[in-house]
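# Chain and residue survey
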Amino acid sequence: MKIRNLMVTGGSGFIGSNFIRYLFNKTDFDGRIINVDKLTYAGNPENLTEIERSYPDRYCFERADICDFDAVDDLFTSYAVDSVCHFAAESHVDRSIKRPGEFIYTNIIGTYNLLESARANQERFVTFHHISTDEVYGSLGKRGLFRETTPYRPSSPYSASKASSDHLVRAYNTTFGLPATISNCSNNYGPYQFPEKLIPLMTLNAMEGKALPVYGDGKNVRDWLYVEDHCEAIWTIMNRGKKGETYNIGGNMEMENIVIVEMICDLVDELCGTDRDGSRRDLITYVTDRPGHDRRYAIDFTKLQKQLTWFPKESFESGLRKTVQWYTENQNWVERIKSGEYQSWIEEQYGA
Ligand code: NAD
Ligand code: TYD
(Lines give C-alpha, C1' and ligand atoms only; values in the text may rest on other atoms or scores of the structure.)
(Ligands and ions follow the chains in the order given, each with its own letter.)
Protein backbone atom coordinates (compact mmCIF):
# COMPACT_ATOMS: atom_id res chain seq x y z
CA MET A 1 0.00 0.00 0.00
CA LYS A 2 1.21 3.46 -0.88
CA ILE A 3 1.19 6.55 1.35
CA ARG A 4 -1.44 8.89 -0.15
CA ASN A 5 -2.74 11.16 2.61
CA LEU A 6 0.03 11.77 5.09
CA MET A 7 -0.73 13.62 8.31
CA VAL A 8 2.42 15.32 9.58
CA THR A 9 1.97 16.56 13.14
CA GLY A 10 4.14 19.46 14.29
CA GLY A 11 5.00 20.24 10.67
CA SER A 12 5.51 23.93 11.42
CA GLY A 13 8.32 23.26 13.89
CA PHE A 14 12.00 22.80 13.22
CA ILE A 15 12.32 19.17 12.07
CA GLY A 16 8.73 18.88 10.81
CA SER A 17 9.08 21.84 8.43
CA ASN A 18 12.42 20.55 7.15
CA PHE A 19 10.78 17.15 6.63
CA ILE A 20 7.86 18.56 4.61
CA ARG A 21 10.27 20.62 2.48
CA TYR A 22 12.42 17.52 2.01
CA LEU A 23 9.45 15.38 0.88
CA PHE A 24 8.31 17.92 -1.71
CA ASN A 25 11.73 18.93 -3.00
CA LYS A 26 13.88 15.84 -2.74
CA THR A 27 11.75 12.70 -3.00
CA ASP A 28 9.28 11.20 -5.46
CA PHE A 29 6.40 11.37 -2.95
CA ASP A 30 3.32 12.40 -4.96
CA GLY A 31 0.59 12.25 -2.30
CA ARG A 32 -0.90 14.92 -0.06
CA ILE A 33 0.46 16.29 3.21
CA ILE A 34 -1.84 17.50 5.97
CA ASN A 35 0.22 19.50 8.43
CA VAL A 36 -1.53 19.51 11.82
CA ASP A 37 0.05 22.01 14.16
CA LYS A 38 -1.17 23.97 17.17
CA LEU A 39 1.36 26.75 16.48
CA THR A 40 2.84 27.01 19.93
CA TYR A 41 5.75 29.42 20.42
CA ALA A 42 7.87 26.85 18.49
CA GLY A 43 5.61 26.49 15.44
CA ASN A 44 6.01 28.97 12.62
CA PRO A 45 3.92 28.60 9.44
CA GLU A 46 6.30 31.01 7.70
CA ASN A 47 8.78 28.10 7.60
CA LEU A 48 6.62 26.63 4.82
CA THR A 49 5.41 29.68 2.87
CA GLU A 50 7.26 28.52 -0.24
CA ILE A 51 5.72 25.03 -0.07
CA GLU A 52 2.23 26.47 0.48
CA ARG A 53 2.65 28.58 -2.63
CA SER A 54 4.20 25.85 -4.81
CA TYR A 55 1.90 22.96 -3.89
CA PRO A 56 -1.57 24.39 -3.16
CA ASP A 57 -3.26 21.08 -4.04
CA ARG A 58 -0.92 18.79 -2.18
CA TYR A 59 -0.10 20.76 0.97
CA CYS A 60 -2.83 21.53 3.53
CA PHE A 61 -2.37 23.26 6.84
CA GLU A 62 -4.72 22.66 9.77
CA ARG A 63 -4.26 24.52 13.01
CA ALA A 64 -5.26 22.00 15.69
CA ASP A 65 -4.16 20.76 19.09
CA ILE A 66 -3.39 17.04 19.14
CA CYS A 67 -4.72 17.00 22.71
CA ASP A 68 -8.18 17.70 21.27
CA PHE A 69 -9.37 14.20 20.33
CA ASP A 70 -12.43 15.30 18.35
CA ALA A 71 -10.44 17.77 16.27
CA VAL A 72 -7.83 15.13 15.46
CA ASP A 73 -10.40 12.47 14.70
CA ASP A 74 -12.36 14.78 12.35
CA LEU A 75 -9.17 15.47 10.40
CA PHE A 76 -8.51 11.74 10.03
CA THR A 77 -11.95 11.36 8.49
CA SER A 78 -12.12 14.47 6.34
CA TYR A 79 -8.69 13.89 4.75
CA ALA A 80 -8.95 10.07 4.66
CA VAL A 81 -5.59 9.98 6.43
CA ASP A 82 -3.74 6.72 5.76
CA SER A 83 -0.38 7.55 7.34
CA VAL A 84 1.04 9.65 10.14
CA CYS A 85 4.48 11.06 10.76
CA HIS A 86 4.28 12.33 14.32
CA PHE A 87 6.65 15.17 15.25
CA ALA A 88 4.36 17.36 17.40
CA ALA A 89 5.77 17.69 20.88
CA GLU A 90 6.98 20.03 23.51
CA SER A 91 10.67 19.60 22.81
CA HIS A 92 12.88 21.68 25.09
CA VAL A 93 14.41 20.08 28.21
CA ASP A 94 14.86 23.38 30.10
CA ARG A 95 11.19 24.27 29.65
CA SER A 96 10.19 20.79 30.85
CA ILE A 97 12.13 21.41 34.06
CA LYS A 98 10.32 24.70 34.66
CA ARG A 99 6.82 23.61 33.55
CA PRO A 100 6.36 19.87 32.94
CA GLY A 101 2.55 19.99 32.51
CA GLU A 102 2.43 20.81 28.79
CA PHE A 103 4.88 17.98 28.13
CA ILE A 104 2.60 15.45 29.79
CA TYR A 105 -0.44 16.62 27.81
CA THR A 106 1.04 17.06 24.36
CA ASN A 107 3.65 14.32 24.35
CA ILE A 108 1.62 11.62 26.07
CA ILE A 109 -2.10 12.42 25.70
CA GLY A 110 -1.56 13.91 22.23
CA THR A 111 0.20 10.74 21.07
CA TYR A 112 -2.56 8.59 22.58
CA ASN A 113 -5.22 10.58 20.66
CA LEU A 114 -3.40 10.06 17.36
CA LEU A 115 -3.01 6.35 18.05
CA GLU A 116 -6.70 6.00 18.85
CA SER A 117 -7.74 7.74 15.62
CA ALA A 118 -5.29 5.65 13.64
CA ARG A 119 -6.66 2.48 15.24
CA ALA A 120 -10.22 3.51 14.36
CA ASN A 121 -9.13 3.84 10.71
CA GLN A 122 -6.78 0.87 10.75
CA GLU A 123 -8.25 -0.85 7.68
CA ARG A 124 -6.74 1.82 5.42
CA PHE A 125 -3.64 2.49 7.47
CA VAL A 126 -0.24 2.27 5.74
CA THR A 127 2.09 3.51 8.43
CA PHE A 128 2.29 5.41 11.72
CA HIS A 129 5.79 6.71 12.31
CA HIS A 130 6.65 8.14 15.72
CA ILE A 131 9.59 10.53 16.06
CA SER A 132 11.43 10.11 19.32
CA THR A 133 14.73 10.95 20.91
CA ASP A 134 17.86 9.22 22.18
CA GLU A 135 17.23 11.00 25.51
CA VAL A 136 14.82 8.20 26.51
CA TYR A 137 17.89 6.04 27.18
CA GLY A 138 19.27 8.40 29.87
CA SER A 139 22.94 9.24 30.21
CA LEU A 140 26.09 7.39 29.14
CA GLY A 141 29.42 7.32 30.94
CA LYS A 142 32.68 7.88 29.07
CA ARG A 143 32.23 4.75 26.98
CA GLY A 144 29.39 2.86 25.30
CA LEU A 145 26.63 3.66 22.83
CA PHE A 146 22.83 3.61 22.92
CA ARG A 147 21.44 0.59 21.07
CA GLU A 148 17.80 -0.18 20.31
CA THR A 149 18.00 -2.71 23.15
CA THR A 150 19.32 -0.22 25.75
CA PRO A 151 16.83 0.01 28.66
CA TYR A 152 14.89 3.25 28.96
CA ARG A 153 16.10 5.53 31.82
CA PRO A 154 14.87 9.04 31.04
CA SER A 155 16.20 11.85 33.25
CA SER A 156 14.06 14.92 32.46
CA PRO A 157 10.30 15.43 32.30
CA TYR A 158 10.81 15.90 28.53
CA SER A 159 12.55 12.57 28.01
CA ALA A 160 10.19 10.79 30.41
CA SER A 161 7.18 12.03 28.43
CA LYS A 162 8.80 10.93 25.15
CA ALA A 163 9.58 7.52 26.68
CA SER A 164 5.96 7.18 27.66
CA SER A 165 4.79 7.99 24.14
CA ASP A 166 7.24 5.43 22.69
CA HIS A 167 5.76 2.76 24.97
CA LEU A 168 2.25 3.64 23.82
CA VAL A 169 3.19 3.38 20.14
CA ARG A 170 4.87 0.03 20.73
CA ALA A 171 1.84 -1.22 22.67
CA TYR A 172 -0.56 -0.22 19.85
CA ASN A 173 1.57 -2.22 17.46
CA THR A 174 1.82 -5.25 19.72
CA THR A 175 -1.77 -5.28 20.97
CA PHE A 176 -3.78 -3.92 18.03
CA GLY A 177 -1.42 -4.63 15.13
CA LEU A 178 -1.19 -0.95 14.18
CA PRO A 179 1.52 -0.74 11.49
CA ALA A 180 3.88 1.49 13.47
CA THR A 181 7.58 2.29 13.59
CA ILE A 182 9.62 4.41 16.01
CA SER A 183 12.88 6.27 15.54
CA ASN A 184 15.09 7.55 18.34
CA CYS A 185 17.35 10.27 17.07
CA SER A 186 20.24 12.26 18.49
CA ASN A 187 20.47 16.09 18.61
CA ASN A 188 19.53 17.79 15.36
CA TYR A 189 20.80 21.11 14.03
CA GLY A 190 20.15 23.14 10.88
CA PRO A 191 17.98 25.97 9.53
CA TYR A 192 14.67 26.99 11.18
CA GLN A 193 15.53 25.71 14.67
CA PHE A 194 13.90 27.81 17.39
CA PRO A 195 16.62 29.86 19.12
CA GLU A 196 16.27 28.23 22.52
CA LYS A 197 18.40 25.19 21.62
CA LEU A 198 22.19 25.25 21.91
CA ILE A 199 23.31 25.95 18.34
CA PRO A 200 20.86 28.69 17.28
CA LEU A 201 20.92 30.31 20.72
CA MET A 202 24.72 30.57 20.73
CA THR A 203 24.77 31.75 17.10
CA LEU A 204 22.31 34.58 17.70
CA ASN A 205 23.87 35.61 21.00
CA ALA A 206 27.31 35.66 19.35
CA MET A 207 25.95 37.79 16.48
CA GLU A 208 24.45 40.22 18.99
CA GLY A 209 27.53 40.32 21.24
CA LYS A 210 25.62 38.79 24.16
CA ALA A 211 26.94 36.35 26.79
CA LEU A 212 27.13 32.69 25.71
CA PRO A 213 25.77 30.68 28.67
CA VAL A 214 27.53 27.30 28.84
CA TYR A 215 26.02 24.98 31.45
CA GLY A 216 28.33 23.35 34.03
CA ASP A 217 31.85 22.61 32.78
CA GLY A 218 30.79 22.59 29.11
CA LYS A 219 32.02 19.04 28.67
CA ASN A 220 28.64 17.34 28.22
CA VAL A 221 28.59 15.41 24.98
CA ARG A 222 25.84 15.18 22.36
CA ASP A 223 25.88 13.27 19.05
CA TRP A 224 24.92 15.81 16.34
CA LEU A 225 22.98 15.15 13.15
CA TYR A 226 22.18 17.60 10.35
CA VAL A 227 18.41 17.89 10.07
CA GLU A 228 18.19 16.87 6.41
CA ASP A 229 20.02 13.63 7.17
CA HIS A 230 17.39 12.98 9.85
CA CYS A 231 14.58 13.63 7.34
CA GLU A 232 16.10 11.16 4.90
CA ALA A 233 16.36 8.53 7.65
CA ILE A 234 12.71 9.03 8.64
CA TRP A 235 11.48 8.68 5.05
CA THR A 236 13.60 5.56 4.62
CA ILE A 237 12.08 3.97 7.74
CA MET A 238 8.54 4.97 6.77
CA ASN A 239 8.91 3.26 3.43
CA ARG A 240 11.19 0.33 4.11
CA GLY A 241 11.31 -0.13 7.89
CA LYS A 242 9.80 -3.23 9.42
CA LYS A 243 6.56 -2.52 11.29
CA GLY A 244 6.85 -2.89 15.03
CA GLU A 245 10.55 -2.02 14.96
CA THR A 246 12.55 0.79 16.52
CA TYR A 247 15.50 2.38 14.72
CA ASN A 248 18.21 4.53 16.28
CA ILE A 249 19.38 7.48 14.17
CA GLY A 250 22.67 9.25 14.88
CA GLY A 251 25.33 11.37 13.31
CA ASN A 252 28.53 9.63 14.41
CA MET A 253 29.44 13.07 15.63
CA GLU A 254 30.11 13.25 19.35
CA MET A 255 31.05 16.75 20.44
CA GLU A 256 31.53 18.53 23.76
CA ASN A 257 29.28 21.57 24.07
CA ILE A 258 32.19 23.92 24.66
CA VAL A 259 33.90 22.85 21.44
CA ILE A 260 30.72 23.62 19.48
CA VAL A 261 30.35 27.03 21.10
CA GLU A 262 33.94 27.88 20.21
CA MET A 263 33.37 26.77 16.61
CA ILE A 264 30.27 28.98 16.43
CA CYS A 265 32.24 31.97 17.78
CA ASP A 266 34.88 31.49 15.09
CA LEU A 267 32.29 31.12 12.33
CA VAL A 268 30.41 34.25 13.43
CA ASP A 269 33.72 36.16 13.60
CA GLU A 270 34.47 35.04 10.05
CA LEU A 271 31.00 35.62 8.57
CA CYS A 272 30.04 38.82 10.40
CA GLY A 273 33.48 40.33 10.96
CA THR A 274 34.78 41.59 14.27
CA ASP A 275 34.08 45.21 15.06
CA ARG A 276 34.98 44.41 18.65
CA ASP A 277 38.26 43.79 20.43
CA GLY A 278 39.13 40.13 20.26
CA SER A 279 37.20 37.01 19.37
CA ARG A 280 33.60 36.28 20.29
CA ARG A 281 35.03 33.43 22.35
CA ASP A 282 35.40 36.13 25.05
CA LEU A 283 31.61 36.05 25.40
CA ILE A 284 31.62 32.46 26.72
CA THR A 285 30.24 32.44 30.27
CA TYR A 286 30.01 29.32 32.40
CA VAL A 287 26.68 29.23 34.25
CA THR A 288 24.97 26.97 36.80
CA ASP A 289 24.41 23.48 35.43
CA ARG A 290 21.00 22.22 34.29
CA PRO A 291 19.43 19.99 36.99
CA GLY A 292 19.68 16.31 36.03
CA HIS A 293 21.91 17.23 33.05
CA ASP A 294 22.71 14.06 31.09
CA ARG A 295 26.46 13.79 30.61
CA ARG A 296 26.83 12.01 27.32
CA TYR A 297 24.69 10.74 24.43
CA ALA A 298 26.06 8.61 21.61
CA ILE A 299 24.13 6.47 19.15
CA ASP A 300 24.78 3.12 17.57
CA PHE A 301 22.79 3.22 14.32
CA THR A 302 24.21 0.02 12.83
CA LYS A 303 20.70 -1.44 12.49
CA LEU A 304 19.52 1.39 10.24
CA GLN A 305 22.78 1.40 8.33
CA LYS A 306 22.85 -2.37 7.73
CA GLN A 307 19.15 -3.11 7.25
CA LEU A 308 18.07 0.01 5.36
CA THR A 309 21.45 1.30 4.07
CA TRP A 310 21.14 4.79 5.53
CA PHE A 311 24.18 6.81 6.53
CA PRO A 312 24.50 10.52 7.42
CA LYS A 313 25.90 12.58 4.54
CA GLU A 314 26.66 16.01 6.02
CA SER A 315 29.91 16.57 7.93
CA PHE A 316 29.62 18.58 11.14
CA GLU A 317 31.97 21.29 9.87
CA SER A 318 29.99 21.92 6.67
CA GLY A 319 26.61 21.50 8.38
CA LEU A 320 27.48 23.96 11.12
CA ARG A 321 28.81 26.47 8.61
CA LYS A 322 25.60 26.22 6.54
CA THR A 323 23.52 26.61 9.69
CA VAL A 324 25.35 29.65 11.08
CA GLN A 325 25.27 31.21 7.63
CA TRP A 326 21.51 30.61 7.39
CA TYR A 327 20.95 32.52 10.65
CA THR A 328 23.14 35.41 9.48
CA GLU A 329 21.17 35.58 6.21
CA ASN A 330 17.69 35.26 7.71
CA GLN A 331 17.57 38.17 10.10
CA ASN A 332 13.92 38.84 9.28
CA TRP A 333 12.89 35.35 10.38
CA VAL A 334 14.92 35.78 13.56
CA GLU A 335 13.55 39.24 14.33
CA ARG A 336 9.95 38.17 13.78
CA ILE A 337 10.20 35.03 15.86
CA LYS A 338 11.84 36.90 18.71
CA SER A 339 9.68 40.02 18.62
CA GLY A 340 6.16 38.82 19.32
CA GLU A 341 5.16 40.48 16.02
CA TYR A 342 5.00 36.93 14.74
CA GLN A 343 2.65 35.76 17.52
CA SER A 344 0.22 38.59 16.76
CA TRP A 345 0.40 37.70 13.06
CA ILE A 346 -0.57 34.10 13.93
CA GLU A 347 -3.49 35.34 16.00
CA GLU A 348 -4.65 37.48 13.08
CA GLN A 349 -4.31 34.59 10.61
CA TYR A 350 -5.59 31.70 12.65
CA GLY A 351 -7.35 33.17 15.69
CA ALA A 352 -6.00 33.31 19.25
P1 NAD B 1 9.91 22.01 17.78
O2 NAD B 1 9.70 22.40 19.20
O3 NAD B 1 10.72 22.87 16.89
O4 NAD B 1 8.49 21.83 17.05
C5 NAD B 1 7.40 21.21 17.66
C6 NAD B 1 6.16 21.50 16.82
O7 NAD B 1 5.05 20.85 17.42
C8 NAD B 1 5.80 23.00 16.74
O9 NAD B 1 5.48 23.35 15.43
C10 NAD B 1 4.61 23.12 17.68
O11 NAD B 1 3.73 24.18 17.32
C12 NAD B 1 3.95 21.76 17.51
N13 NAD B 1 3.12 21.39 18.67
C14 NAD B 1 3.47 21.44 19.98
N15 NAD B 1 2.44 21.06 20.75
C16 NAD B 1 1.41 20.73 19.89
C17 NAD B 1 0.09 20.25 20.10
N18 NAD B 1 -0.40 20.05 21.31
N19 NAD B 1 -0.66 20.01 19.01
C20 NAD B 1 -0.20 20.22 17.75
N21 NAD B 1 1.05 20.69 17.51
C22 NAD B 1 1.84 20.94 18.58
O23 NAD B 1 10.48 20.54 17.86
P24 NAD B 1 11.54 19.79 16.92
O25 NAD B 1 12.89 20.09 17.41
O26 NAD B 1 11.19 20.04 15.50
O27 NAD B 1 11.21 18.27 17.32
C28 NAD B 1 10.23 17.53 16.61
C29 NAD B 1 10.15 16.13 17.16
O30 NAD B 1 11.43 15.50 17.09
C31 NAD B 1 9.76 16.07 18.65
O32 NAD B 1 8.89 14.98 18.82
C33 NAD B 1 11.07 15.84 19.37
O34 NAD B 1 10.86 15.13 20.57
C35 NAD B 1 11.82 15.00 18.35
N36 NAD B 1 13.29 15.09 18.40
C37 NAD B 1 13.91 16.31 18.34
C38 NAD B 1 15.29 16.37 18.33
C39 NAD B 1 16.03 17.70 18.23
O40 NAD B 1 17.25 17.74 18.33
N41 NAD B 1 15.34 18.81 17.99
C42 NAD B 1 16.05 15.20 18.39
C43 NAD B 1 15.38 13.97 18.45
C44 NAD B 1 14.00 13.93 18.44
P1 TYD C 1 19.78 21.54 23.94
O2 TYD C 1 20.02 22.20 22.63
O3 TYD C 1 18.80 22.18 24.89
O4 TYD C 1 19.39 20.03 23.63
P5 TYD C 1 19.25 18.77 24.67
O6 TYD C 1 19.20 19.27 26.05
O7 TYD C 1 17.94 18.19 24.24
O8 TYD C 1 20.42 17.89 24.38
O9 TYD C 1 21.17 21.42 24.71
C10 TYD C 1 22.28 20.77 24.11
C11 TYD C 1 23.40 20.78 25.12
O12 TYD C 1 23.83 22.14 25.34
C13 TYD C 1 23.00 20.27 26.49
O14 TYD C 1 24.09 19.55 27.05
C15 TYD C 1 22.75 21.52 27.30
C16 TYD C 1 23.72 22.52 26.70
N17 TYD C 1 23.28 23.94 26.73
C18 TYD C 1 24.11 24.91 27.28
O19 TYD C 1 25.22 24.63 27.76
N20 TYD C 1 23.68 26.22 27.26
C21 TYD C 1 22.46 26.57 26.76
O22 TYD C 1 22.10 27.78 26.80
C23 TYD C 1 21.63 25.55 26.19
C24 TYD C 1 20.27 25.90 25.61
C25 TYD C 1 22.08 24.25 26.19
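Refer to the preceding data block for the structure.
### Here's the deal with the sheet that holds strand β9 (residues 221–226)
- Strand order in the open sheet made by the three strands is β7-β9-β11, with mixed pairing throughout. Strands with a single pairing partner mark the edges of an open sheet, and in this sheet they are β7 (187–189) and β11 (254–256). In this sheet, neighbouring strand axes are inclined to one another by 50 degrees on average, regardless of whether the strands run parallel or antiparallel.
- Relative to β9, β7 runs parallel, the two being bridged by three bridges. Across the sheet, the residue bridging to Asn-187 is Trp-224, located in β9.

### Observations concerning unusual backbone geometry
- Positive phi is not limited to glycine here, since Tyr-192 has a value of about 75 degrees.
- Residue placement: Tyr-192 occurs in the loop between β7 and α7 (198–207).
- Overall, the relative accessible area of 19% leaves Tyr-192 in the buried class.

### So, the layout of surface pockets
- Estimated volume of the second largest pocket: approximately 160 Å³.
- Taken together, Asn-18, Arg-21, Tyr-22, Asn-25, Lys-26, Pro-191, Tyr-192, Tyr-226, Val-227 and Glu-228 make up the lining of the second largest pocket.
- Broken down by element, the lining of the second largest pocket gets its largest block of residues, five residues, from helix α1 (residues 14–26).
- Residues of the lining of the second largest pocket, tallied by class, amount to five nonpolar, two polar and three charged.

### Remarks on the site of ligand 2
- If you check the shell around ligand 2, you find 17 residues, and the closest are Glu-135, Pro-213, Arg-222, Arg-290 and His-293.
- Contact distances for ligand 2 include 2.9 Å between an oxygen atom and a side-chain N or O atom of Asn-187.
- One of the side-chain N or O atoms of His-293 is found 2.7 Å from an oxygen atom in ligand 2.
- Isolated, ligand 2 exposes 510 Å² of accessible area, and the fraction of that covered by the protein chains is 96%.
- Of the residues contributing to the shell around ligand 2, the split by class is seven nonpolar, five polar and five charged.

Calculation rules
Residues numbered from 1 in each chain as written. Chains lettered and ligands numbered in written order. Predicted model: local features only at pLDDT ≥ 70, side-chain atom pairs only at ≥ 80, totals over all residues. Heavy atoms only, no water. Pairing = 2+ DSSP bridges. Helix = DSSP H or I, 4+ residues; strand = E, 2+ residues; numbered from the N terminus. Axes fitted to C-alpha atoms, helices over the stretch in contact; angles between N-to-C directions. Buried < 20%, exposed > 50% of the residue type's maximum accessible area, 1.4 Å probe, protein only. 1 Å grid on protein atoms, 1.4 Å probe; cavity = no way out; pocket = protein on both sides within 12 Å on 5 of 7 lines; lining within 4 Å. Points joined across faces, edges and corners; volume = space filled by probe spheres on them. Nonpolar A, V, L, I, M, F, W, Y, C, P; charged D, E, K, R; others polar. Near = heavy atom within 4 Å. Polar contact = N/O pair within 3.5 Å; in protein donor to acceptor, adjacent residues only side chain to side chain. Areas by Shrake-Rupley, 256 points an atom, 1.4 Å probe, with all protein chains shown as cover.

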